[in-house]
Amino acid sequence: MSARRDASLSGATDQCPAALLEAADCVLFDFDGPLCDLFSGRPASGVAERLAGELRDVDPVVAASAAGDPLALLQAVAKHHGSSPATDRAERFLTTEEAEAAGVATPTAYALELIGALDAGGWRQAVTTNNSPAAVIRFLERHGLSVPAVAHIHGRTSDPGLLKPDPHCLVRALESTGSTAQGAVMIGDSPADCLAAKVVGVPFIGYAVNGRKRRALEDVGARCTVPSLRGLLEAARRRVRSREPGAGPLAAGVHG
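Residues numbered from 1 in each chain as written. Predicted model: local features only at pLDDT ≥ 70, side-chain atom pairs only at ≥ 80, totals over all residues. Heavy atoms only, no water.

**A word on the overall build of the chain**
A count of helices and strands for the chain gives 12 helices and eight strands. Per-residue burial over the chain gives 50% buried out of 256 residues. A total accessible area of about 11200 Å² is found for the chain, and carbon and sulfur atoms account for 53% of it. (Helix = DSSP H or I, 4+ residues; strand = E, 2+ residues; numbered from the N terminus. Buried < 20%, exposed > 50% of the residue type's maximum accessible area, 1.4 Å probe, protein only. Areas by Shrake-Rupley, 256 points an atom, 1.4 Å probe, with all protein chains shown as cover.)

**A closer look at the pairing of strand 4 (residues 124-128)**
For strand 4, a buried count of four out of five residues is recorded, marking the element as mostly surrounded by other parts of the structure. Across two bridges, strand 4 lies against strand 5 (residues 153-154) in parallel orientation. Following the sheet pairing, T128 is matched in strand 5 by H154. (Pairing = 2+ DSSP bridges.)

**Here we look at helix 10 (residues 191-200)**
Regarding helix 10, the residues found buried are A192, D193, C194, A196 and A197. Buried residues along helix 10 sit in contact with helix 9 (168-177), strand 6 (184-188), strand 7 (204-207) and helix 11 (211-219). (Contact = heavy atoms within 4.5 Å.)

**Examining the layout of surface pockets**
The space that makes up the largest pocket amounts to roughly 770 Å³. Those elements that place two or more of their residues in the lining of the largest pocket are strand 2 (36-37), helix 5 (70-81), helix 10 and helix 11. Top contributing element to the lining of the largest pocket by residue count: helix 5, with four residues. Residues of the lining of the largest pocket, tallied by class, amount to 12 nonpolar, eight polar and 10 charged. (1 Å grid on protein atoms, 1.4 Å probe; cavity = no way out; pocket = protein on both sides within 12 Å on 5 of 7 lines; lining within 4 Å. Points joined across faces, edges and corners; volume = space filled by probe spheres on them. Nonpolar A, V, L, I, M, F, W, Y, C, P; charged D, E, K, R; others polar.)

**Overview of the sheet that holds strand 4**
Spatially, 5-4-1-6-7-8 is the arrangement adopted by the six strands of the open sheet, whose pairing is parallel. Where the open sheet ends on each side, the last strands, each with one partner, are strand 5 and strand 8 (225-226).

**Let's talk about the packing of helix 3 (residues 44-55) against helix 5**
Each pair of packed helices can be described by the angle between their axes along with the distance between the axes. With their axes 8 Å apart at the nearest point, helix 3 and helix 5 run at an angle of 25 degrees to one another. Relative to helix 5, the element helix 3 is oriented roughly parallel. Seen from helix 3, the contacting residues are A44, V47, A48, L51, A52 and L55; seen from helix 5, they are P70, L73, L74 and V77. (Axes fitted to C-alpha atoms, helices over the stretch in contact; angles between N-to-C directions. Parallel < 35°, antiparallel > 145°, perpendicular 65-115°, else oblique.)

And the structure:
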């Protein structure tokens with residue numbers, strides 16, 4: 001690691017988002033939020049209601065706690081039933097629903113372009129999400145993206161206890177990309193993302209589309225937030241241009 005990079009990583013959380021990105025060799029993306037609005041076409045409240053209906057014959061009390069959040073309902077099932085057929089049934093049902101939602105999910109502004117620019121700029125990339133890997137794969141394939149490769153999609157496993165803020169998926173992503181925590185940066189939009197990054201020492205950029213989101217991230221220690229991915233895209237493109245002086249526009253699908 002160069003002296004410049006060592007200096008960049010010192011006090012990294014005090015730097016602007018572009019500097020955090022430039023200091024990194026690897027970018028870890030959360031999925032629902034930074035890359036897409038997963039439930040834009042199939043609202044989360046409806047998914048939670050259908051999951052609750054699937055579980056009413058198993059545990060009507062837990063099923064009644066849906067509150068519009070399917071992941072929270074899955075966690076409630078796991079908390080009450082542990083590793084069991086009920087938990088497995090809930091996880092499989094939610095995976096199917098998320099994959100369907102990914103088929104119509106709206107990409108986050110500048111996200112697809114950012115993935116392409118990061119690839120062109122030499123960053124390693126991975127997805128670290130509480131959603132099913134199947135949903136991530138379907139979303140990326142819809143848009144003709146092979147980056148990050150399937151090997152670097154780290155999502156929900158059969159054990160809901162490993163969902164963020166547990167850092168399990170981040171640790172797996174660092175291992176699969178051959179990255180260090182200090183050489184990576186995570187882009188996430190939830191307190192759980194920030195807390196998971198903090199546990200393993202990965203610098204964190206919060207994607208906060210409004211003041212409520214920003215305050216929720218700041219409450220758990222996020223010191224670097226952005227309301228849009230545009231600035232990060234511009235920073236990634238600067239690296240591409242610096243590596244290829246005089247190069248023309250980025251390839252189709254990379255520029256916005």
